[in-house]
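Observations on chain architecture
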Amino acid sequence: DSIHPSKEPTDSARAYVFAWLALLVLTLVSFGAHYLELGVFATAVSLIIAGVKAGVVALVFMHLKTESVSVRTVAALNLAWVALISVGIALDVAAH
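This report concerns the structure included in the present document.

Thresholds, definitions, all that
- Residues numbered from 1 in each chain as written.
- Predicted model: local features only at pLDDT ≥ 70, side-chain atom pairs only at ≥ 80, totals over all residues.
- Heavy atoms only, no water.
- Helix = DSSP H or I, 4+ residues; strand = E, 2+ residues; numbered from the N terminus.
- Buried < 20%, exposed > 50% of the residue type's maximum accessible area, 1.4 Å probe, protein only.
- Areas by Shrake-Rupley, 256 points an atom, 1.4 Å probe, with all protein chains shown as cover.
- Lys, Arg positive; Asp, Glu negative; His and termini not counted.
- Charge placed at Lys NZ, Arg CZ, Asp CG, Glu CD.
- Axes fitted to C-alpha atoms, helices over the stretch in contact; angles between N-to-C directions.
- Parallel < 35°, antiparallel > 145°, perpendicular 65-115°, else oblique.
- Contact = heavy atoms within 4.5 Å.
- Nonpolar A, V, L, I, M, F, W, Y, C, P; charged D, E, K, R; others polar.
- Core = buried A, V, L, I, M, F, W, Y, C linked by side-chain atoms within 4.5 Å.
- Patch = residues over 30% accessible without salt bridge, like charges linked within 9 Å, V, L, I, M, F, W, Y side chains within 5 Å.
- Salt bridge = Lys/Arg side-chain N within 4 Å of Asp/Glu carboxyl O.

1. Thoughts on the overall build of the protein
Regarding its fold elements, the protein presents three helices and zero strands. Going residue by residue from the N terminus, the α and β elements of the protein occur as α-α-α. Projected onto its principal axes, the C-alpha coordinates of the protein cover approximately 70 × 40 × 10 Å. Among the 96 residues that make up the protein, the fraction classed as buried is 11%. As displayed, the protein has an accessible area near 7,900 Å², and 74% of this comes from carbon and sulfur atoms. Averaging the positions of the 5 positive and the 6 negative side-chain charges in the protein gives two centres separated by 5 Å.

This is how it looks when you write it as structure tokens:
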């Protein structure tokens, strides 16, 4: 009924709440991981957590899960570009 809007939360509202909760939990996990003795794996764990958080933001807040293939392709190409630059920087730092 368009005159009396439903009090039921929409699917998008549920997605935003789920995304917020996921980001909150991942932030707490990231904070907690700081206090663990992870040694050489600390950076890898932090980057994995950050990657998952970025994925949640991209899929939910940027609506990539419902966008067209062309938009998702552009997003994937940007990620590939950042990865390529990151690998190049890491190789340069390792060489010097």
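2. Focus: the packing of helix H1 (residues 11-34) against helix H2 (residues 42-61)
Between H1 and H2, the least distance of the axes is 10 Å, while the angle of their chain directions is 170°. In terms of orientation, H1 and H2 fall into the roughly antiparallel class. Contacts between H1 and H2 pair Ala15, Tyr16, Ala19, Leu23, Leu26, Thr27, Val29, Ser30 and Ala33 from the former with Val45, Ile49, Val52, Lys53, Val56, Val57, Val60 and Phe61 from the latter. Among the residues forming the contact of H1 with H2, the class breakdown is 14 nonpolar, two polar and one charged.

3. Section: unusual backbone geometry
The phi dihedral of histidine 63 falls on the positive side, at around 60°, and the residue is not glycine. Looking at where histidine 63 falls in the secondary structure, it is placed in the loop between H2 and helix H3 (69-95). On the basis of relative accessible area, histidine 63 is assigned to the partly exposed category, the value being 35%.

4. So, the environment of aspartate 11
Here aspartate 11 lies in helix H1. With 53 residues separating them in the primary sequence, aspartate 11 and leucine 64 have C-alpha atoms 16 Å apart.

5. Thoughts on the nonpolar core
Counting residues in each nonpolar core, the largest one holds five residues, listed as Ala15, Ala19, Leu23, Val56 and Val60. Of all the secondary structure elements, the ones that give two or more residues to this core are H1 and H2. Top contributing element to this core by residue count: H1, with three residues. Residue contacts for valine 56: discarding those within four places in its chain leaves Ala19, Leu23 and Phe61.

6. With respect to a nonpolar patch on the surface
Taken together, Trp81, Val82, Leu84, Ile85, Ile89 and Val93 make up a surface patch of nonpolar side chains, about 610 Å² in accessible area. By the element assignment, isoleucine 89 lies in helix H3.

Purely geometric stuff here, so don't read any function into it on its own.
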